[in-house]
Structure formats: structure tokens, C-alpha cells
Amino acid sequence: MLRKIRTNQLEPGMFIHSMEGSWFDHPFWRSRFLLNDREQIEQIVSSDVERVTIDESRGKKLLLSSETVAQPRPAKASACSPKSARLQELSALARPRSYLREVAKPVFNRLSPRERAAEVRKATGTIKRSRAAVMALFEDARLGNSVKSRKLAPLVKQISRSVNVDPTIILNIARIKSKDEYTYLHSVSVCALMVNLARKMGFPEQQMHDIGMAGLLHDVGKTSIPASILSKPGKLDESEWNIIRNHPQRGHDILAASEGVSNIALEVCLRHHEKMDGTGYPGKISADNLSIFTRMSTICDVYDAITSQRSYNTPLSASEALAEMQSWSGHFDQLILRDFVDSLGILPVGTLVRLDQDELAMVIGESPSNYSAPIVRSFLSLEKDRKIVPKDIDIGRKRSRKLLAIEDPEDWGFSDWTSFSAELLSKPAAT
Ligand SMILES: [Fe+2]
Ligand SMILES: [Fe+2]
């Protein structure tokens, strides 16, 4: 039975089920444990916590005053002998059975500096040619001509090759977009992200072409939106929004009137702004009628939009964007989003990780020295069994600490990880 009591009623042998206030208000890193001695009680009493909940089925009960008089206080009771108390505490600790998944090896860092420099040159050329080809195709569409997507086929192949070598290179280059070239480079990025995700999901190589092409063509309907609306800095009015909302249908019409466009590209073009909960546009189509390709495209489309460096906005970093997208309910297919996160090899902000020296830490950003390594904030020493002063550690730096595994917060008793991580982010930390 759970009972809420004042901290001055605590006694050794009671089992703490939870403490009032935030994790940061009390001295212990776990909030469920058996009280072994007076020292622990003094620590709680002298903290900001005023009330705690005890679990009377797992430890000593609160003796009401009449009972206290009627019953002699148990001598150092067997149930609370140091040995059994320690055993109970150990079982209450219930360390995770196994880590959720090993931290992916940084597969994107297998290139030597020389190979990397050569790949950067190649990817830059691929992006330049792709941007020009997409611009020409969009211009055809603007003039009311059918589009010749076949001309883009060699570029899809080159983008796919670059993604296969190291997706971070081409994605980083395409991330910086001027206002004028935004839509074209966005199309190249979505193509690269779609191919990268499709590989992670295990699609056969023969399908890569159609999937990548769908990414390149998905926003062709934007040619119907006047530049004054597309680049309007202020808020759009309802009629302007209606024009924006029509671009998937307009794009679909253009592609349907063109030769050699796959069904995947047609569908992605029409549905890439739909959401799983049916609140997207233009069709308000919900999960049951959204194909796997559409679900992939909505993720890649939003990710590129919110991470793109445009002249007038501050983009989210990759790890911030992934955390943000994971927090939106009803928008994305969560399983595909998880594959997407894995395909980028980036840990979202807020991920709980375990470091060497037996410490728990939380991802707070990306390393400036290594795109696929995080910066983490350590806050708990498992070895010393206590909280530690938060410290920021750049895992990407040479001879830095090692990241051993991704952990599930629930396995460590953090039932409200969202609030906890927000609070930890707001704390000052040493570097
Ligand atoms: Fe779009
Ligand atoms: Fe888009």
C-alpha cells in the first residue's frame, strides 16, 4: 500500500516509492529505494522535499501514534537487518536487463581525409548538376510543358552513389540554400534522404531509382506558386495558403501528363504533405491510406525543411530536428521515423546514453568536430551510485569519453523523461 508522509516521519526500513518535486530537488538519483539508515533520512529531511510516498508492501509501515504506544517498537527487526535491507535495495534497483541497442559504430567515418576530400568534390559536382537539371525541369513545368524526368535519371544514380559512400557529405553540402535555389536544393536533399532511408529499410537496389526520383520531383507543383507568396516573409493570408495547399495536386497533374513517371513519384508528389492523423493536405488522408513511400517522404521533406540553412532563418541542428519530429504526435509513422534516425546515424537531443566510467548522460547536440558524434551532458555516476555535477562532453573530440550504449529512461526509473530532460537541459553545466 502506498502512503504519503512527511519527511520527518521517515524511519529506516521504509521503502521510498516517490518523492515530491523534481529529481533535482532531492539528493538521491533514484526515487525508489529502501531506507537503510538515519544518514539517508537526514539527507532527505535537509533537502527541498517535504513529502514522500512510501510503499508499505515493500518496507516498514508508518506506525500511527496509538500503535506506537500499543506496540513496542520492533528491535532491530529481522526484516530490516542490514543484510536483507541491502538485498531488497539491490532488487529495487533492478538494473536494466540489457541495453536497448548498441550504439551504432560511426560507419560514416570510414573514409580517410584524402578520400573524404575527393568525395566532397564529387558530391559538390553532383549537387551542382542536379540543381541545374531540376531548375530546367521546373522551368519546363512552369511553361506548361510536360516534364522529361528521364533526363534526371543519371543524377539520381549519382546522388544514390554519394549517399552510399557517406550520406553526411552530400546532405551537409545541400543543407545550405539561398532563397532562390531553396526549392531545387530541397529536391536534391529529399532525394538523398529518401534513398538513404530506403537503404536502411532494406528496399532492393532496383527500387532506389524510383524512390530517389520521387524525392527529386515531389515539389514540382511549387512552380504554380507565385514567387511573391513562396518568399513572403510575413504571415500568409487564407487565399495564399490555399495556393500553397494546392501545390501537391498541381504537381501530380504535371507529372501525370508527363511520360515515364513512376507510380511512386506520382503518389509521393500528391501525398507528401498528408499526416498520419488525417490533418494534412490536400486530401486529409489518414494512416490507412498512406503508402510506405508517402510516409517516408513526409519525414524526409520536413527534416530537410527544418534543418536547412536559409538566409532568413536559423535552422535546427540535425539532433534538435529529430527530437522535435519525435515529439510531434500524429504527423509521422513512428517506426519509419526510427529507421530514419538510424539511417542518419545521429542521436536526437534528449537521448539517454551510457558512457564509459559507468555514467549516464543525455544528448544535448552534435559535435562540431564530428557530424555523427553527439555532445552529451553527464549527470549520474552509476559507479559511485550518486548524482554528479552536470558536465558537457564532446564525444567527437579526439581521446574523448566513449559512448557505450543507448538506454531506455524507464529502465532507470525516469518515468517522466520529457520533463526531466527539459530540466536537465536548462541546468548550468561544466565543460
Ligand atoms: Fe511540398
Ligand atoms: Fe518539399
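Residues numbered from 1 in each chain as written. Chains lettered and ligands numbered in written order. Predicted model: local features only at pLDDT ≥ 70, side-chain atom pairs only at ≥ 80, totals over all residues. Heavy atoms only, no water.

Please set out the layout of surface pockets residue by residue, giving values where relevant.
Estimates place the volume of the largest pocket at around 1200 Å³. Mapped onto the lining of the largest pocket, the elements with two or more residues apiece are helix 4 (113-142), helix 7 (182-201), helix 9 (227-230), helix 10 (238-245) and helix 13 (292-307). In terms of residues, the lining of the largest pocket owes the most to one element, helix 13, which gives five residues. Of the residues assigned to the lining of the largest pocket, the class counts are 17 nonpolar, 12 polar and 11 charged. (1 Å grid on protein atoms, 1.4 Å probe; cavity = no way out; pocket = protein on both sides within 12 Å on 5 of 7 lines; lining within 4 Å. Points joined across faces, edges and corners; volume = space filled by probe spheres on them. Helix = DSSP H or I, 4+ residues; strand = E, 2+ residues; numbered from the N terminus. Nonpolar A, V, L, I, M, F, W, Y, C, P; charged D, E, K, R; others polar.)

Can you tell me about the coordination of the iron ion (ligand 1), naming the residues and giving the values?
For the iron ion (ligand 1), the full set of protein donor atoms is D219 (OD), H247 (NE2), H272 (NE2) and H273 (NE2), and the range of their distances to it is 2.1 to 2.3 Å. Here the iron ion (ligand 1) is ringed by four donor atoms whose angles at the metal span 87 to 175 degrees, and the overall shape comes out irregular. All donors of the iron ion (ligand 1) belong to a single chain; written as a sequence motif, their spacing is D-x27-H-x24-H-H. The metal-metal distance between the iron ion (ligand 1) and the iron ion (ligand 2) is 3.5 Å, with D219 coordinating both. Highlighted residues: D219 in the loop between helix 8 (205-217) and helix 9 and H272 in the loop between helix 12 (263-271) and helix 13, separated in sequence by 53 residues. Each of the two residues, D219 as well as H272, counts as buried. (Donors = N, O, S within 2.8 Å, 3.2 Å for Na, K, Ca; no water. Tetrahedral: all angles 85-135°; square planar, octahedral: opposite > 155°, others 65-115°. Buried < 20%, exposed > 50% of the residue type's maximum accessible area, 1.4 Å probe, protein only.)

Can you tell me about the pattern of salt bridges, naming the residues and giving the values?
If you walk through the whole model with that rule in mind, you get 18 salt bridges. Salt-bridge contacts for D304 lead to K177; the nearest nitrogen and oxygen are separated by 3.1 Å. On the criterion of sequence distance, the pair formed by D304 in helix 13 and K177 in the loop between helix 6 (167-175) and helix 7 is long-range, its members being 127 residues apart. K177 shares its class with D304; the two are buried. (Salt bridge = Lys/Arg side-chain N within 4 Å of Asp/Glu carboxyl O.)

Describe helix 14 (residues 318-327), listing the residues and the values that go with them.
Among all positions in helix 14, only A318, S319, A321, L322 and M325 are buried. When helix 14 is viewed along its axis, its buried side chains cluster within an angular range of 160 degrees and face the same direction. (Arc of directions from axis to C-beta.)

Please set out the coordination of the iron ion (ligand 2) residue by residue, giving values where relevant.
For the iron ion (ligand 2), the protein coordination sphere consists of H186 (NE2), H218 (NE2), D219 (OD) and D301 (OD), at 2.0 to 2.3 Å. One can describe the donor arrangement at the iron ion (ligand 2) as irregular, given that its four donor atoms subtend angles of 80 to 177 degrees at the metal. Mapped onto the sequence, the residues coordinating the iron ion (ligand 2) show the spacing H-x31-H-D-x81-D.

How would you sum up the nonpolar core? Please name residues and give values.
M296, Y303 and F340 are the most contacted members of the largest nonpolar core, which totals 61 residues. Listed in part, the 15 residues of the second largest apolar core include L352, L360, L382 and W417. (Core = buried A, V, L, I, M, F, W, Y, C linked by side-chain atoms within 4.5 Å.)

Residue-level account of the pairing of strand 6 (residues 352-355), with values.
Here strand 6 shows two buried faces, one formed by L352 and R354 and the other by V353 and L355. Here strand 6 runs beside strand 7 (residues 359-367); their pairing, made up of four bridges, is antiparallel. Across the sheet, L352 pairs through a bridge with M362, a residue of strand 7. The hairpin formed by strand 6 and strand 7 contains three residues between the paired strands, and Q357 there has a positive phi angle of roughly 60 degrees. (Pairing = 2+ DSSP bridges.)

Could you give me a rundown of the state of the cysteines, with the residues and numbers involved?
The full count for this structure, using the stated rule, is zero disulfides. Lacking any disulfide linkage, C191 is separated from the closest cysteine sulfur, that of C300, by 10.0 Å. (Disulfide = S-S within 2.5 Å.)

Which residues make up unusual backbone geometry, and what values do they have?
For the bond running from Y281 to P282, omega is 5 degrees, close enough to zero to count as cis. Positive phi outside glycine occurs at K284, with the angle close to 50 degrees. Position of K284 among the secondary structure elements: in the loop between helix 12 and helix 13. With a relative accessible area of 60%, K284 lands in the exposed category. Located in the positive-phi region is Q357, a residue other than glycine, with phi close to 60 degrees. Positionally, Q357 belongs in the loop between strand 6 and strand 7.

With reference to specific residues and values, describe the packing of helix 12 against helix 13.
Look at helix 12 against helix 13: their axes get within 9 Å of each other, and the N-to-C directions meet at 50 degrees. Taken as axis vectors, helix 12 and helix 13 run oblique relative to one another. Where helix 12 crosses over helix 13, the handedness of that crossing is right-handed. In this structure, helix 12 uses I264, E267, V268 and R271 to contact helix 13, whose residues at the interface are F293, T294, S297 and T298. Partitioned by chemical class, the residues of the contact of helix 12 with helix 13 number three nonpolar, three polar and two charged. (Axes fitted to C-alpha atoms, helices over the stretch in contact; angles between N-to-C directions. Parallel < 35°, antiparallel > 145°, perpendicular 65-115°, else oblique. Left-handed = near helix turned anticlockwise from the far one by under 90°. Contact = heavy atoms within 4.5 Å.)

In short, geometric facts, not functional conclusions.
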